[in-house]
Structure formats: structure tokens, C-alpha cells
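Given next are the chains, with one letter for each unit.
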Amino acid sequence: PDLLVMLYESYHTFRQIFTDGRALPAQRDPAWFGYSVGKWDGDTLVVDTVGIHEKTWLDDGGHPHTDALHVTERFRRPDFGHMQVELTIDDPKTYSKPWTVKIPWAYMPDTDLLDWFCENEKDTQHLVGK
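Please read these numbers as outputs of a predicted model, since none were measured by experiment.

## A look at the environment of Val101
Thought 1: Here Val101 is to be found in strand 7 (residues 99–106).
Thought 2: The spatial distance from the C-alpha of Val101 to the C-alpha of Glu73 is 9.8 Å, given a sequence separation of 28 residues.
Thought 3: With residues up to four places along the chain from it excluded, the contact list for Val101 reads Val85, Glu86 and Leu87.

The structure is reproduced here in C-alpha cells:
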């Protein structure tokens, strides 16, 4: 396919990864998930992303980034039940050198993507229809 769509179980979001051979754009308006292109390197999907909006964080800990951020992701399935994800963060305006994290994912058979909602712990009456 020329386009891969990645669905997320939280935040009701999806992300487009173009796999038609196009290059990363030289200029692009920032977007929440940036602009991604992917290609296969053997059994590994390699995705490059630029143009991620500066108001986003890298993680739930609030690690910042700038408009210079370039993320490289490597998705690989070593066997049927597992996926290895390797993320390389390169943002010379924020970090002194690129850094990489590895995240193991496990397949959960016979499950569906679940609906996600934000629960405000201080004001839960909207959850019970009050």
C-alpha cells in the first residue's frame, strides 16, 4: 500500500504514514503527529517523521522538543506475538545528541481497540448523566 494508517487506542486518533516513496517535505506547517514517510528495510518498517507541532510533548513526562525534531521509528515483529519498536529522537535545539529508546509490544489476541475517554477526577458527575 502507498499509505499506512496507524490507529491508537487512546485519544481517538490516527496517524498517516506515506509509503509511496516520497521524500520528507522541506517545508510543512506543523501538525500534532507531524509528517511521516515509511519504507521497508528487510523485515523492519522504518518511519521518519518531521514537522511535529512544538506544543506537543515527547511523552507523558512532558519532555520538550522544538521545530528541529526528527523522529526515526523502527517497527519489527520478531515473531507472531511480539513487536519491537525503536525510537530515535534527534532534536539538536533541545538535546545535545540523538538518543534512542526501545519499547516491546505484545500482541493481545481476540481483543478490539477500546473506546477511550478522559475522566476528570474532580468532576465525575458528567459520567453518570447528572
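Moving on from the coordinates now.
## Focus: the pattern of salt bridges
Thought 1: Tallied over the full model, the rule gives 6 salt bridges.
Thought 2: Two residues, Glu86 and Lys102, come together in a salt bridge whose shortest N-O distance is 3.9 Å. Linking Glu86 in strand 6 (residues 82–90) with Lys102 in strand 7, this pair joins segments that are 16 residues apart in sequence.
Thought 3: By relative accessible area, which is 26% here, Glu86 ends up partly exposed.

## Things to note about the side chain of Thr56
Thought 1: Considering the arrangement of structural elements, one finds Thr56 in the loop between strand 4 (44–50) and strand 5 (70–79).
Thought 2: A distance of 2.7 Å separates the side chain of Thr56 from the side chain of His65, its partner in a polar contact.
Thought 3: Once residues lying within four places of it in the same chain are set aside, the contact partners of Thr56 are Trp32 and His65.

Thresholds, definitions, all that
- Residues numbered from 1 in each chain as written.
- Predicted model: local features only at pLDDT ≥ 70, side-chain atom pairs only at ≥ 80, totals over all residues.
- Heavy atoms only, no water.
- Helix = DSSP H or I, 4+ residues; strand = E, 2+ residues; numbered from the N terminus.
- Contact = heavy atoms within 4.5 Å.
- Salt bridge = Lys/Arg side-chain N within 4 Å of Asp/Glu carboxyl O.
- Buried < 20%, exposed > 50% of the residue type's maximum accessible area, 1.4 Å probe, protein only.
- Polar contact = N/O pair within 3.5 Å; in protein donor to acceptor, adjacent residues only side chain to side chain.

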